[in-house]
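Observations on chain architecture
Residue-level listing of the chains:
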Amino acid sequence: MAQQDYYELLGVEKGASDEELKKAYRKKAVQYHPDKNPGNKEAEEMFKKVSEAYEVLKDPEKRSAYDRYGHAAFQQAGGAGPRGPGGAAGGGGFHDPFDIFRDVFGGAGGGGGGGGIFDEMFGGGGGGRDSGRDGADLRYDLEITLEEAARGLEKEITFRKAVTCERCNGSGAEPGSKRVTCPTCKGHGQVRRSGGIITFTQTCPTCGGSGQKIEKVCTACRGEGRTAKTTKLNVRIPPGVETGSRLRSSGNGEAGMAGGQPGDLYIVITVREHELFERHGNDLFCEIPIKFTLATLGGALEVPTLFGKASLKIPAGTQSGTTFRLKAKGMPSLRGGSAGDQLVRVHVEVPQSLSAEQRKILEEFARVSGDADEPMSRSFFEKAKKFF
């Protein structure tokens, strides 16, 4: 039976670059790998064929010979087998296609402990050593008032997390018990599997790659080395925090395993909406109603701030909607800069009911000021008179 063209096997053009060849082989190797197709002889045969094709085409000299003479460049009188460009037998046949697969996917060659993408895809392990696993980070959502955000506070929080088991001190072994060499992998952390002509390694399913097995697991943590526990922690919230601020408490996340480092605790702040103030960065905004007599005659009034009362001067003739600024009466800066300001917008209230005496006085004021004859502003009237 005629052998299939190597370029067709890989699905590339004859002039394909080295990178295109490598990418095509990577795709085919994953598709037909025996571990992905257990018991499928056709897939296993295709894996060998594409590996053979890539073995030839990745080598510039072999590829040149193949381009000139085709499969005949590697035929021997005594049977099939790769030959060098000069006609001599090429090292007794092709390398194990599994080694080619490792080369393409960045793992270690030679059938030993694999690495790189190969291990991620097919379960290779890192050898017989205890590899600690760091604990997970935790998040705690904390809601505070605007006053607390302005002044800062210390608060006790309560949460559950995984902590080092007190009974076994994190070893996972029952007191008096010990770790012994894993009987499955004999301490190597990996086991070999054979798929016909292909042999590959994977992480030992018994010990998880550590090479050791607990003789008798801890009854408190069932061998994990950690237990769940309700924890209390005093945290300090600095002045100036806002919704979305994250505070990190180092080492107060979940405990690590097998000597791994503990995670961190992240406290995420939400500042509750205030009934009087709106926050814009470090500035505070509020709206205050004032009497029309104060707006007309001017004067002073006390206004609330987050830090007590402040005096605000209202000039005579203040119009509704005028905004005043109280310097440094806003939120403190979280990073130590100058504090924000408080912006006060005044809204002039018009009385809705008048006594007979009040009405009489206002009518006299309107007559004296001419308001009775000119009820709208003269400047506005000049702009709008063409409509009348």
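Residues numbered from 1 in each chain as written. Predicted model: local features only at pLDDT ≥ 70, side-chain atom pairs only at ≥ 80, totals over all residues. Heavy atoms only, no water.

In terms of helices and strands, the protein carries 10 helices and 17 strands. Counting over 388 residues, the protein shows a buried share of 37%. Contacts spanning at least 24 positions in sequence make up 62% of the contacts within the protein whose residues lie at least 6 apart. Summed over all atoms, the accessible surface of the protein reaches about 23,400 Å², with 48% contributed by carbon and sulfur. (Helix = DSSP H or I, 4+ residues; strand = E, 2+ residues; numbered from the N terminus. Buried < 20%, exposed > 50% of the residue type's maximum accessible area, 1.4 Å probe, protein only. Contact = heavy atoms within 4.5 Å. Areas by Shrake-Rupley, 256 points an atom, 1.4 Å probe, with all protein chains shown as cover.)

Scanning the model with the defined rule gives 16 salt bridges in all. The salt bridge involving Glu349 is made with Lys291; its shortest N-O contact spans 3.9 Å. Taken together, the positions of Glu349 in strand β17 (residues 342-349) and Lys291 in strand β13 (residues 283-291) put the pair 58 residues apart, joining distant regions of the chain. A relative accessible area of 55% places Lys291 in the exposed class. With a shortest N-O distance of 2.5 Å, Glu364 and Arg367 are connected by a salt bridge. Of this pair, Glu364 and Arg367 both sit in helix α9 (residues 356-369), separated by 3 residues, roughly a single helical turn. The exposure class assigned to Arg367 is exposed, which follows from its relative accessible area of 56%. Three or more residues are tied together by salt bridges with common partners; here these are Glu224, Arg226 and Glu254. (Salt bridge = Lys/Arg side-chain N within 4 Å of Asp/Glu carboxyl O.)

Moving on, we come to the pairing of strand β14 (residues 299-305). In the sheet, β14 pairs with strand β15 (residues 308-314) via 7 bridges, with the strands oriented antiparallel. Bridging from a neighbouring strand, Ala300 pairs with Lys313 of β15. Here β14 folds back onto β15 in antiparallel fashion, the turn holding 2 residues. (Pairing = 2+ DSSP bridges.)

Turning to the packing of helix α2 (residues 18-32) against helix α3 (residues 41-57), a few remarks are in order. It is the contact of α2 with α3, at a shortest axis distance of 9 Å, that shows an interaxial angle of 165 degrees. Relative to α3, the element α2 is oriented roughly antiparallel. Where α2 crosses over α3, the handedness of that crossing is left-handed. Within the contact between the two elements, α2 uses Leu21, Lys22, Tyr25, Lys28, Ala29 and Tyr32 and α3 uses Ala43, Glu44, Met46, Phe47, Val50, Ser51, Tyr54 and Leu57. Among the residues making up the contact of α2 with α3, the classes are represented as 10 nonpolar, 1 polar and 3 charged. (Axes fitted to C-alpha atoms, helices over the stretch in contact; angles between N-to-C directions. Parallel < 35°, antiparallel > 145°, perpendicular 65-115°, else oblique. Left-handed = near helix turned anticlockwise from the far one by under 90°. Nonpolar A, V, L, I, M, F, W, Y, C, P; charged D, E, K, R; others polar.)

Ordered by their spatial adjacency, 4 strands build an open sheet running β12-β13-β17-β16, and the pairing between neighbours is mixed. Strands at the two margins of the open sheet, each flanked by one partner only, are β12 (278-280) and β16 (323-326). On average, adjacent strands in this sheet sit at an angle of 30 degrees to one another, irrespective of strand direction. Here β16 runs beside β17; their pairing, made up of 4 bridges, is antiparallel. Among the inter-strand pairings, Thr323 is bridged to a residue of β17, identified as Arg345.

This part takes up the pairing of strand β10 (residues 246-249). The alternating pattern of β10 places Leu247 and Ser249 on a buried face, while none of Arg246 and Arg248, on the opposite face, is buried. Across 4 bridges, the pairing between β10 and strand β11 (residues 265-271) is antiparallel. Within β11, the position partnered with Arg248 by the bridge is Tyr266.

Read these as layout, nothing more, since geometry by itself doesn't imply function.
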